[in-house]
Amino acid sequence: MPAAHNGKAAKSSVEPAAEKKGHICPPSNATHPRDRWETLFVYAFMCKFTQLRSKVEGLDSPMDFEEALLSHEPHPVMTHVLTRFVLNLRPGARNIRWGCPCPDQISSTVSAVLAEYFKKPERTVFWDEELKRNVDPFEQVDGGFFSVDWDLKLKILRQLVELQLTHSPAVKTLIDRAWGVVHNKHKKKETPDPPPLDPSDPFSMESLSYNPLGQDNTRKRYWVVDDSPRVYMSTNPWKITAAFQTVSSTREEYVALVEKMKASAPSDSKEHEKRSKVEIAHIALVKALEGRLEAIDAELARVQKLRKKIEQRAILLAQAEIRQTRTRRQTRRPDYVYFDGGESDDGKDDEYAYQEDED
């Protein structure tokens, strides 16, 4: 027995070990970015780790982000998002700056940033199993980032988010601070470690963590990321065959979803009976959904007010352009001089005096 065991051990040590392949998720058949989990992933990162929603005009909800994804032309929202992501990865970048993004420049910079990280032996979204390397998605793209379809845009944005979570100094600092990670603990420090952040802090561990709002009696998870009426539903996210879709985008759809959850909730007759964990979770989900209605109404009112301001400003800018292109007009009545058949001595009295339009 020992000899046979040793022989098997020797044989197994000589034979090359079979290479383990990673889990490959099946491709999605979604026809709109609202039904892709990567959309929620990227938008949630923007809400939790950046100030894009408060600084970028027109980015107030996941629907605005999806509109920018679907655009076939350089979209101002998408341009600002890419600029922020690149600056997180390249804080000292000189060819782009916040506030004045150039679509052509940011597209080429995104390509350069991805190419730089693809040189490292780190698997990304664009890893090719046959070639055993990352394949640059811009190799066969002529018009840059804004010319590709929304599916490839979403993959690039997902990759940029994953790179920020791993390599961005600013993002890593926020994560370390939230989870209380202290580097170089072996070194003596005169200052004590900072206290843990309050859970209400936007950069605390509780705020940066992302968990589903609740679970219904069929074990489906429901996800929200802001105060908009957008709600996502998924099956078990830990399985590679997990399904994902949007179930609410407007207030009317949100109210219908709440009513549907109420209709499938356990009956009141079981109030004094022992309920299962699944039933308890479903009741908690209904309460959580109902509790968000007030915040949703306030958010919708805020967004509507902002949109009106944007429209009014656009009207004022259009009127200003019309005034600037208008011809000069007479601003002072001419002073006519009457005389008997002769001409004035200096010829100045019959000239019109013009003044620059003060408008």
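Note that the coordinates shown come from a computational prediction; the quantities given were computed from them, not determined experimentally. (Residues numbered from 1 in each chain as written. Predicted model: local features only at pLDDT ≥ 70, side-chain atom pairs only at ≥ 80, totals over all residues. Heavy atoms only, no water.)

### Description of the overall build of the chain
Looking only at helices and strands, one finds twelve helices and six strands in the chain. Of all 359 residues assigned to the chain, the portion counted as buried reaches 31%. When contacts within the chain are restricted to residue pairs at least 6 apart in sequence, long-range pairs at least 24 apart make up 57% of them. A total of about 24,200 Å² of accessible surface is found on the chain, and carbon and sulfur atoms cover 52% of it. (Helix = DSSP H or I, 4+ residues; strand = E, 2+ residues; numbered from the N terminus. Buried < 20%, exposed > 50% of the residue type's maximum accessible area, 1.4 Å probe, protein only. Contact = heavy atoms within 4.5 Å. Areas by Shrake-Rupley, 256 points an atom, 1.4 Å probe, with all protein chains shown as cover.)

### Comments concerning the packing of aromatic side chains
Within this structure, the stated rule accounts for eight aromatic pairs. A ring pair is formed by Phe 45 and Phe 49, whose centres lie 5.2 Å apart and whose planes are at 20°; its orientation type is stacked. In this pair, Phe 45 and Phe 49 both sit in helix H2 (residues 37-49), four residues apart, roughly one turn of the helix. Where Tyr 232 meets Phe 244, the ring centres are 5.3 Å apart and the plane angle is 25°; that geometry is what we call stacked. Here Phe 244 lies in strand E6 (residues 244-248) and Tyr 232 lies in strand E5 (residues 231-234), a separation of twelve residues in the sequence. A residue is classified by how much of its surface remains accessible, and Phe 244, at 17% relative accessible area, is buried. Cluster of aromatic residues (ring-pair linked, three or more members): Phe 45, Phe 49 and Phe 85. (Phe/Tyr/Trp six-rings, centres within 6.5 Å; stacked < 30°, edge-to-face > 60°.)

### Points about the UniProt feature "coiled-coil region" (unreviewed entry) in the chain
The UniProt feature table records "coiled-coil region" (unreviewed entry) at residues 286-323. When the span residues 286-323 is considered, its composition is 97% helix and 0% strand, and the gap between its end C-alpha atoms is 56 Å. (UniProt positions renumbered as here; feature names shortened; annotations may be inferred.)

### Describing the nonpolar core
Counting residues in each nonpolar core, the largest one holds 49 residues, and the members touching the most others are Phe 85 and Leu 157. Elements represented by at least two residues in this core include exactly H2, helix H4 (62-70), helix H5 (76-89), helix H6 (103-118), helix H7 (150-167) and helix H8 (169-179). Residue-level mapping places this core at the junction of two domains, with at least three residues from each of domain 1 (28-182 + 197-210) and domain 2 (212-267 + 275-324). Once residues within four sequence positions are removed from consideration, Phe 85 is found in contact with Val 42, Phe 45, Met 46, Leu 52, Leu 157, Leu 160, Val 161 and Gln 164. (Core = buried A, V, L, I, M, F, W, Y, C linked by side-chain atoms within 4.5 Å. Domains from an automatic or database assignment.)

### Topic: the UniProt feature "domain: WHIM1" (unreviewed entry) in the chain
The UniProt entry lists residues 142-176 under the feature "domain: WHIM1" (unreviewed entry), expressed in the numbering used here. Structurally, residues 142-176 is divided into 74% helix and 0% strand, and its ends, taken at the C-alpha atoms, are 40 Å apart.

### Things to note about unusual backbone geometry
We note that Lys 132 has phi near 60°; this positive angle belongs to a residue other than glycine. Along the polypeptide, Lys 132 turns up in the loop between strand E1 (127-128) and strand E2 (133-134). Overall, the relative accessible area of 41% leaves Lys 132 in the partly exposed class. In this structure, Arg 219 takes a positive phi of about 65° despite not being glycine. If you trace the backbone, Arg 219 turns up in the loop between strand E3 (214-215) and strand E4 (221-223). Residue classification places Arg 219 among the exposed positions, given a relative accessible area of 51%.

### So, helix H11 (residues 277-291)
Here H11 spans 21 Å end to end across 15 residues, near enough to the 21 Å set by a 1.5 Å rise per residue. If you check which residues of H11 are buried, you get Val 278, Glu 279, His 282, Leu 285, Val 286 and Leu 289. In a view along the axis of H11, the buried residues occupy a sector of 115°, so they form one face of it. Exposed side of H11, more than 90 degrees from the buried face: Lys 277, Lys 287 and Gly 291 are the residues found there. (Expected span 1.5 Å × (residues − 1). Arc of directions from axis to C-beta.)

### Here we look at a nonpolar patch on the surface
There is a patch of nonpolar side chains on the surface, built from Trp 179, Val 181 and Met 205 and spanning about 260 Å² of accessible area. In this structure Trp 179 comes out as partly exposed when scored by relative accessible area, which is 41%. (Patch = residues over 30% accessible without salt bridge, like charges linked within 9 Å, V, L, I, M, F, W, Y side chains within 5 Å. Salt bridge = Lys/Arg side-chain N within 4 Å of Asp/Glu carboxyl O.)

### Quick look at the packing of H2 against H7
The geometry of H2 relative to H7 is characterised by a closest axis approach of 9 Å and an angle of 45° between their N-to-C directions. What the angle tells us is that H2 and H7 run oblique. The way H2 lies across H7 gives a crossing that is left-handed. Here H2 contributes Trp 37, Glu 38, Thr 39, Phe 41, Val 42, Phe 45 and Phe 49 to the contact with H7, which in turn contributes Leu 154, Leu 157, Arg 158, Val 161, Glu 162, Gln 164 and Leu 165. Tallied by class, residues from the contact of H2 with H7 come to nine nonpolar, two polar and three charged. (Axes fitted to C-alpha atoms, helices over the stretch in contact; angles between N-to-C directions. Parallel < 35°, antiparallel > 145°, perpendicular 65-115°, else oblique. Left-handed = near helix turned anticlockwise from the far one by under 90°. Nonpolar A, V, L, I, M, F, W, Y, C, P; charged D, E, K, R; others polar.)

### A look at the side chain of Ser 204
Locating Ser 204 in the fold gives a position in the loop between H8 and helix H9 (205-208). With near-sequence residues (within four places) excluded, Ser 204 lies in contact with Ala 178, Leu 197, Asp 198 and Pro 199.

### Considerations on the sheet that holds E3
Strand order in the open sheet formed by four strands is E3-E4-E5-E6, and the pairing between neighbours is antiparallel. The sheet is open, and its two edges are formed by E3 and E6, each paired on a single side. Both E5 and E6 contribute to a ladder of four bridges, which runs antiparallel. In the strand pairing of E6, Tyr 232 is matched with Thr 246. Packed onto the sheet, helix H10 (residues 251-263) meets E4, E5 and E6 and runs at close to 100° relative to E6. (Pairing = 2+ DSSP bridges.)

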